[in-house]
Structures are given as structure tokens and as C-alpha cells.
Amino acid sequence: MTRLPYLNIAIFTLLVCLTTSLALANEPTDPADALATNEQAAIDAINQLSSPDGPEVKERTNGGSELTGVMVDRTITMAGKTFYRAFSQRAMDNRIIGNATITINERPDARWGSQIWVMEGNRMYFRTQLSPRINEADRAAGEAVQTVEEALLRQQLASALIFDKDLGKEELR
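Notes on the structure follow. Chains are numbered independently. Their residues run from 1 in the order of the written sequence. Given that the model is predicted, a residue must reach a pLDDT of at least 70 before its local features are reported, and side-chain atom pairs must reach 80 or more before they are shown or counted; all residues, however, enter totals for whole chains, interfaces and linings. The side-chain quantities take in all heavy atoms of the structure and omit both hydrogens and water.

## Let's talk about the overall build of the protein chain
So, point 1. Runs of H or I in DSSP of at least four residues are treated as helices and runs of E of at least two as strands, each being numbered from the N terminus. When helices and strands are tallied, the protein chain shows six helices and four strands.
So, point 2. Going from N to C terminus, the protein chain has its helices and strands arranged as α-α-β-α-α-β-β-β-α-α.
So, point 3. Residue burial in the protein chain is summarised as follows: out of 173 residues, 24% are buried.
So, point 4. The contacts in the protein chain between residues at least 6 apart in sequence include a share of 50% that link residues at least 24 apart.
So, point 5. Per element, the accessible surface of the protein chain, about 13,300 Å² overall, is 57% carbon and sulfur. The cut-offs for exposure are 20% and 50% of the maximum accessible area for each residue type, with area from a 1.4 Å probe on protein chains only; residues under the lower value are buried, those over the upper are exposed, and the others partly exposed. It only takes one pair of heavy atoms within 4.5 Å for two residues to be counted as in contact. Accessibility throughout is a Shrake-Rupley quantity obtained with a 1.4 Å probe, and a residue counts as covered only by protein chains that appear here.

## Here's the deal with the sheet that holds strand β2 (residues 102-109)
So, point 1. For two strands to count as paired, DSSP must find a minimum of two bridges between them. The sheet built from four strands is open, its strands ordered β1-β2-β3-β4 with mixed pairing. At either end of the open sheet lies a strand with only one pairing partner, and these are β1 (71-74) and β4 (123-130). In this sheet, adjacent strand axes meet at a mean angle of 15° when their direction is disregarded.
So, point 2. Here β2 runs beside strand β3 (residues 113-120); their pairing, made up of eight bridges, is antiparallel. Note on β3: the bridge partner recorded for Pro108 is Ser114.
So, point 3. Here helix α3 (residues 78-91) sits on the sheet in contact with β1, β2, β3 and β4, set at roughly 170° to β1.
So, point 4. Running over the sheet, helix α5 (residues 134-161) touches β2, β3 and β4 and is turned about 165° from β4. For every element, the axis is a line fit to its C-alpha atoms; helices are fit only across the contacting stretch, and the angle between N-to-C directions ranges from 0 to 180 degrees.

## Brief notes about the pattern of salt bridges
So, point 1. For salt bridges, the criterion is a side-chain nitrogen of Lys or Arg within 4 Å of an Asp or Glu carboxyl oxygen. Counted under the stated rule, the structure contains three salt bridges.
So, point 2. The closest approach of N and O atoms between Arg139 and Glu136, which form a salt bridge, is 3.9 Å. Here Arg139 pairs with Glu136, and both are found in helix α5, just three residues apart, close to one helical turn.
So, point 3. Residue classification places Arg139 among the partly exposed residues on the basis of a relative accessible area of 46%.
So, point 4. With a relative accessible area of 14%, Glu136 lands in the buried category.

What follows is the structure, given as C-alpha cells:
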């Protein structure tokens, strides 16, 4: 008979634990946790390469670096900045120049104006002497876009036609 109270206490404790855990299990979850789960599912859906709507998306490979379509401004003077702005606006819609990594450099000279050159990697495609007049920078930028586009086309064509196992992509240029 002395065991009966201990048994009753044990059963009572077990019932309290079970009802507490069931009550906690039926409580609504935190909306922030549900949002984080839904957000992660949305991110995973965006990052997948194939979908029920169409075939698998092929990644684009290019002959240059991983980072393409970048124009670096290394100009100093107002005329140089105007040249860069005009060049980048004209080249923005151009698919050939838009996929290249272009650097526009300037070396100012008090007597002769500024020397401006346009490079991709270590190859110079355009160079000009620019006076401090800003309207001349717009004209030079138009010429530069045409010259750089033609040079990039020639370079892409040559690299497509020439294949040599012994030379790397950067050596074919």
C-alpha cells in the first residue's frame, strides 16, 4: 500500500508532462520562422538552373575573365571624365564592347592636353591626344567606340579561327 502514492505521483507527473508537450506542439509557430523557411525556398527556386517551364539554362562561357562588362575610369581631368562618360554611354548598348573589360586611362599634360588610351587587358585599342576643350572629348569618344568595336571583333574572329594546343587563350591574342 505504500507504493500506491508513489505510483500515483509518477503517473500524475507523466500526465502533466504529456499534456504540456501536446499543448506546446499545438501552439502556432513563430511567423518569422515560417517566413525564413518560405524565403529560403524562394531563393532555392530562383537559383535552380532548370524549371518545369523550360529546359535547363546553360551557363554562358566567355574567353576572358569571369568578370565582364566592366569599364574602369582612370581619368583625371574634366576633359578625361567627359571622354569617359561619352564613351561609356555609347558603348553601353554595344554588345561587343559591353561584354569586354575596358580600362580608360589618361595622362594629363599642361602643355599638350591629355593623352587618353583605351585598353582591354594588356592590349591598347585606341589612343588619342585630347585638348582641354570638352566638345572635342565627345567627338573622340565616338571615334574610340568605333575603333574599339572593330578591334574587338577582329580579335574575337582571330581567336575563333586559330586553335593551338600549345597556346593558352591569353596567348592567342
